[in-house]
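Letter by letter, the chains look like this.
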Amino acid sequence: MISDINPDLHERFMQADQMIKNNQIGEAIKELQQILREDPTFGRAYNHLGWIYYNKYQELKNAQECYKLALQHTSNYHAVYYNYAVLLSNIKAFDQLKKLLGEALKMEGVNLGTIHNEYGIMYEIEMHYSKAIESYNESIKYLFTTNQIEQRLAAVERCKRKSGIFGGLHVSDR
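Let us look at the structure shown here. Keep in mind that what you see is a predicted model, and the values were worked out from it rather than measured.

Let us now look at the overall build of the protein chain. Across its full length, the protein chain holds nine helices and zero strands. In the protein chain, the succession of α and β elements from N to C terminus is α-α-α-α-α-α-α-α-α. For the C-alpha atoms alone, the extent of the protein chain along its principal axes is close to 55 × 35 × 30 Å. When the 174 residues of the protein chain are sorted by exposure, 44% land in the buried category. Counting contacts in the protein chain only where the partners sit at least 6 residues apart, residues at least 24 apart contribute 49% of the total. Accessible surface, the protein chain: about 9,700 Å² in total, of which carbon and sulfur atoms supply 50%. Averaging the coordinates of the 20 positive side-chain charges in the protein chain and doing the same for the 21 negative ones gives two points 6 Å apart.

This is the structure in structure tokens:
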């Protein structure tokens, strides 16, 4: 919980977060690494390093290790579930992804629209179109912006088209 975080480290973490937003990636990395030298259990810093390694440097192994450490030290931090889900989806580590998403669904305050969307993406990649459609539709229940709803409806239509093209094949059927 934030109340358990050292106020000085939290302030520096927020500064590193702003550095990332300002595309000052090198400075952000230095600050996050310094925070972790001072407190190796500061899970949010691992999450942000994971995000940098994945999104800025495409260092999948380092990113994955950081996300695992973030979960180990700060399992109640929602951002790590969203970020790690994207990485696992892109490397097609679907068994790990299913476990992660299942854990996320149990968390209080997690964005269920985002979690169900990640399930939809996973099922779509696996060519399980009916499950993808179910997941995208489930995600819509938790959305409140027209743009997000339209994106999910477009994903549903895309899966319907793919299902017609590929005849409902699954990855294991190819």
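Read on for the rest.
Bringing the packing of aromatic side chains into the picture now. For the coordinates displayed, the defined rule picks out three aromatic pairs. A centroid spacing of 5.5 Å and a plane angle of 50 degrees characterise the contact between Phe13 and Phe42, whose relative ring orientation is tilted. A residue pair is termed long-range when its members are at least 10 positions apart, and Phe13 in helix 1 (residues 7-21) and Phe42 in the loop between helix 2 (25-38) and helix 3 (43-55) qualify at 29 residues. The residues Phe13 and Phe42 share a single accessibility class, namely buried. A centroid spacing of 6.1 Å and a plane angle of 15 degrees characterise the contact between Tyr119 and Tyr123, whose relative ring orientation is stacked. Of this pair, Tyr119 and Tyr123 both sit in helix 7 (residues 112-125), separated by four residues, roughly a single helical turn. The pair formed by Tyr119 and Tyr123 is uniform in burial state, with each residue classed as buried.

For the rest of this paragraph, the subject is helix 7. Between its terminal C-alpha atoms helix 7 stretches 20 Å, which fits the 20 Å expected from 14 residues at 1.5 Å a residue. Taking burial as the measure, the 14 residues of helix 7 include 10 buried ones, the bulk of the element. Inspection of helix 7 places Gly113, Ile115, His116, Asn117, Glu118, Tyr119, Gly120, Met122, Tyr123 and Glu124 among the buried residues, and these make up the whole buried set. Buried residues in helix 7 make contact with helix 5 (78-90), helix 6 (94-105), helix 8 (129-140) and helix 9 (146-166). The residue sitting at the N-terminus of helix 7 and contributing the capping side-chain oxygen is Asn111; that oxygen lies 3.0 Å from the backbone nitrogen of Gly113. Of the residues trailing helix 7, Met127 is marked for its positive phi of about 65 degrees.

Turning next to the pattern of salt bridges. Taken as a whole and judged by the stated rule, the model has eight salt bridges. A salt bridge links Glu124 to Lys162; its shortest N-O distance comes to 2.7 Å. Of this pair, Glu124 sits in helix 7 while Lys162 sits in helix 9, placing them 38 residues apart in sequence. Under the relative-accessibility criterion, Glu124 is labelled buried at 7%. A salt bridge links Lys160 to Glu157, with the shortest nitrogen-to-oxygen separation between them at 3.5 Å. Of this pair, Lys160 and Glu157 both sit in helix 9, three residues apart, roughly one helical turn. Overall, Lys160 belongs to the partly exposed group, its relative accessible area being 45%. Put simply, Asp8, Arg12, Glu31 and Glu38 are held in one network by salt bridges that share partners.

So, how was this worked out
Residues numbered from 1 in each chain as written. Predicted model: local features only at pLDDT ≥ 70, side-chain atom pairs only at ≥ 80, totals over all residues. Heavy atoms only, no water. Helix = DSSP H or I, 4+ residues; strand = E, 2+ residues; numbered from the N terminus. Buried < 20%, exposed > 50% of the residue type's maximum accessible area, 1.4 Å probe, protein only. Contact = heavy atoms within 4.5 Å. Areas by Shrake-Rupley, 256 points an atom, 1.4 Å probe, with all protein chains shown as cover. Lys, Arg positive; Asp, Glu negative; His and termini not counted. Charge placed at Lys NZ, Arg CZ, Asp CG, Glu CD. Phe/Tyr/Trp six-rings, centres within 6.5 Å; stacked < 30°, edge-to-face > 60°. Expected span 1.5 Å × (residues − 1). Polar contact = N/O pair within 3.5 Å; in protein donor to acceptor, adjacent residues only side chain to side chain. Salt bridge = Lys/Arg side-chain N within 4 Å of Asp/Glu carboxyl O.

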